[in-house]
Amino acid sequence: MLPTPCFIASVQNCPGPMREPVLRLTSLAKVLPGGRWLFDGLALTLEAGEHVAIRGESGAGKSTLLNIIAGLETADSGEVWVAGTNLARLHEADRTALRRDAIGFVFQAFHILPHLDLARNVAFPLILQKQPRALALARAGEMLDAVGLGDRRNSYPRELSGGELQRVAIARALVHVPALILADEPTGNLDPGTAAQIIGLLGRAVKERGAAMLLVTHSPLAAATADRQLMLTPQGLVPANG
Ligand SMILES: Nc1ncnc2c1ncn2[C@@H]1O[C@H](COP(=O)(O)OP(=O)(O)O)[C@@H](O)[C@H]1O
Ligand SMILES: [Mg+2]
């Protein structure tokens, strides 16, 4: 079993209560280069502490939607507001800073850096924030403890299993206490036991830290842990039936 996470105890810059929703999407549309509309008129509001699961067929545009929210791709119309800020009104450098500070992204394909040990991988968001190196590594160690990998902090990614790498990816996504967690099929290739651990870990991060989370998942069990379940369709996000 994973130890109880130290998310609150280990951080000093927890976001305070916010009047603005953590995420607001209005009339979002995305059309692919070939002309196919992925979605149109997509709207979503996510408050602090809310956990929303998004389901949808393969190719529906779930990863594209998360990339648009993170400012990694652009929508063709509509607006993305993160913590009260309209992404489109920001210069690229400010958009990068907002992504760095406010968003934790658990990518579908981990994106763990192979040449860095686990502590340095997890510390990476804090290093990008130019936090002191010793503090960043200490926080990374605490996060690795929280995901049950504290004794592996000097291991390299090649020495880890898929489930362990996914836990490293989650530690890295949470280390800088983001207001918004975007998790793209974080249990995609994991056995059911490890998948349940990962989902529990993310769910606790949301509730204990008042973060908001958008969880893209194919797993009905994972989706059932969310406050709301939505389905991505060409008409946008619609309530899913359990
Ligand atoms: N850069 C791109 N150029 C063209 N098509 C793309 C690009 N990125 C994604 N797609 C297409 O967009 C659709 C949605 O992809 P994706 O967001 O990865 O779906 P999902 O995550 O729901 O499986 C797919 O049909 C995919 O092939
Ligand atoms: Mg995807």
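Up top is the structure.
Thresholds, definitions, all that
- Residues numbered from 1 in each chain as written.
- Chains lettered and ligands numbered in written order.
- Predicted model: local features only at pLDDT ≥ 70, side-chain atom pairs only at ≥ 80, totals over all residues.
- Heavy atoms only, no water.
- Helix = DSSP H or I, 4+ residues; strand = E, 2+ residues; numbered from the N terminus.
- Rg over C-alpha atoms; globule rule 2.2 N^0.38 Å.
- Buried < 20%, exposed > 50% of the residue type's maximum accessible area, 1.4 Å probe, protein only.
- Contact = heavy atoms within 4.5 Å.
- Areas by Shrake-Rupley, 256 points an atom, 1.4 Å probe, with all protein chains shown as cover.
- Lys, Arg positive; Asp, Glu negative; His and termini not counted.
- Charge placed at Lys NZ, Arg CZ, Asp CG, Glu CD.
- Near = heavy atom within 4 Å.
- Polar contact = N/O pair within 3.5 Å; in protein donor to acceptor, adjacent residues only side chain to side chain.
- Nonpolar A, V, L, I, M, F, W, Y, C, P; charged D, E, K, R; others polar.
- Axes fitted to C-alpha atoms, helices over the stretch in contact; angles between N-to-C directions.
- Left-handed = near helix turned anticlockwise from the far one by under 90°.
- Pairing = 2+ DSSP bridges.

To continue, consider the overall build of the chain. Each helix and strand counted, the chain has seven helices and 10 strands in total. In terms of overall size, the chain behaves like a compact globule, its C-alpha atoms giving a radius of gyration of 17 Å where 242 residues would be expected to give roughly 18 Å. Projecting the C-alpha coordinates of the chain onto the three principal axes gives extents of approximately 50 × 40 × 35 Å. By residue count, 53% of the 242 residues in the chain fall in the buried class. Contacts spanning at least 24 positions in sequence make up 72% of the contacts within the chain whose residues lie at least 6 apart. Element-wise, carbon and sulfur atoms account for 54% of the exposed surface of the chain, whose accessible area totals about 10900 Å². Distance from the positive charge centre (23 side chains) to the negative charge centre (22 side chains) of the chain: 4 Å.

Glancing now at the environment of Thr187. Its location among the elements puts Thr187 in the loop between strand S7 (180–184) and helix H6 (192–209). Residue class for Thr187 comes out buried when judged on its relative accessible area of 10%. Other than its neighbours up to four places away in sequence, Thr187 contacts Ala195, Ile198, Ile199 and Thr217.

Now for the site of ligand 1. Taken together, the residues surrounding ligand 1 are Leu32, Pro33, Arg36, Leu38, Glu57, Ser58, Gly59, Ala60, Gly61, Lys62, Ser63 and Thr64. In the environment of ligand 1, an oxygen atom lies 3.2 Å from a nitrogen or oxygen atom belonging to the backbone of Ala60. Within the contact set of ligand 1, an oxygen atom lies 2.9 Å away from a side-chain nitrogen or oxygen of Ser63. Here ligand 1 loses 56% of its free accessible area of 560 Å² to cover by the protein chains. With three residues, helix H1 (residues 62–69) is the single largest residue contributor to the shell around ligand 1. Across the shell around ligand 1, the residue classes tally to four nonpolar, five polar and three charged.

Where helix H3 (residues 118–128) meets helix H5 (residues 162–174), the closest approach of the two axes is 7 Å, and the angle between their N-to-C directions is 35°. Between H3 and H5 lies a crossing whose hand is right-handed. In contact with Leu118, Asn121, Val122 and Pro125 of H3, H5 contributes Val168, Ala171 and Arg172. Here the contact of H3 with H5 is composed, by residue class, of five nonpolar, one polar and one charged.

Here we come to the sheet that holds strand S10 (residues 236–239). The strands that make up a sheet are held in pairs by hydrogen bonds between backbone atoms, and each pair lies either parallel or antiparallel. Taken in spatial order, the six strands of this open sheet run S6-S7-S8-S3-S9-S10, and their pairing is mixed. Only two strands of the sheet have a single partner each, and these edge strands are strand S6 (103–106) and S10. When strand polarity is set aside, the average angle formed by the axes of neighbouring strands in this sheet is 25°. Bridge analysis of strand S3 (residues 51–55) against strand S8 (residues 212–216) gives four bridges, and the strand direction is parallel.

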